[in-house]
Amino acid sequence: MTFTEHLEELRRCLLKSLAAIILTSGVCYFFSDSIFRFIVAPLQQSLPPGQNLIGTGVTEAFFTEIKVALAAGVFFFLPGYFLPDLALP
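Residues numbered from 1 in each chain as written. Predicted model: local features only at pLDDT ≥ 70, side-chain atom pairs only at ≥ 80, totals over all residues. Heavy atoms only, no water.

Caption draft 1: The arrangement of the environment of alanine 61 in detail. Relative to the helices and strands, alanine 61 is located in helix H3 (residues 60-82). Residues alanine 61 and glutamate 5, 56 residues apart in the sequence, show an inter-C-alpha distance of 44 Å. (Helix = DSSP H or I, 4+ residues; strand = E, 2+ residues; numbered from the N terminus.)

Caption draft 2: View of the packing of helix H2 (residues 32-46) against H3. Two elements in contact, H2 and H3, have axes separated by 9 Å at closest approach and are oriented at 85°. On the basis of the axis angle, H2 is roughly perpendicular to H3. Of the residues in H3, those touching H2 at Ser32, Asp33, Ile35 and Phe36 are Thr64, Glu65, Val68 and Ala72. (Axes fitted to C-alpha atoms, helices over the stretch in contact; angles between N-to-C directions. Parallel < 35°, antiparallel > 145°, perpendicular 65-115°, else oblique. Contact = heavy atoms within 4.5 Å.)

Caption draft 3: Structural view of H3. With 23 residues, H3 should cover 33 Å at 1.5 Å per step; its first-to-last C-alpha distance of 33 Å lies within 8% of that length. What H3 keeps buried is the set Val68, Ala69, Ala72, Gly73 and Phe77. (Expected span 1.5 Å × (residues − 1). Buried < 20%, exposed > 50% of the residue type's maximum accessible area, 1.4 Å probe, protein only.)

Caption draft 4: Here's a closer look at the environment of leucine 53. Of note, leucine 53 is situated in the loop between H2 and H3. Look at leucine 53 and you get partly exposed, because its relative accessible area is 36%. Not counting chain neighbours up to four residues away, the residues in contact with leucine 53 comprise Val40, Leu43, Gln44 and Leu47.

Caption draft 5: Molecular detail of the pattern of salt bridges. Here the structure, examined in full by the defined rule, presents 1 salt bridge. A salt bridge links arginine 12 to glutamate 9; the shortest N-O distance between them is 2.7 Å. Placement of both arginine 12 and glutamate 9 in helix H1 (residues 3-29) is noted, with a separation of 3 residues, approximately one turn of the helix. (Salt bridge = Lys/Arg side-chain N within 4 Å of Asp/Glu carboxyl O.)

Pasting the structure below:
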C-alpha cells in the first residue's frame, strides 16, 4: 500500500470508531441517571448523615449527564474495538 492508501485506511478506521462511540454514547445517554447513581453510590454511603451531593452551576446537571454518557459509551465501545473476533455472527 502507498502512503496515501494508509492514510485513507486510517481515516476510515477513525471515522468508524467515532461513529460507534457516538452511537454507544447516545444509547448510554438514556441510562445516564442510572449509571451516575451507580458511580456515586460508594461516595454517598461514606457521606455523613444529612449531607448530599449538589450542583453548583446552572448547566452542571446537564453536562454531567453528557460526560457520564460519553464515558460509558467509550467504556462499552472498547471491547468491541479491541476484541472484534468475539463479536456475535
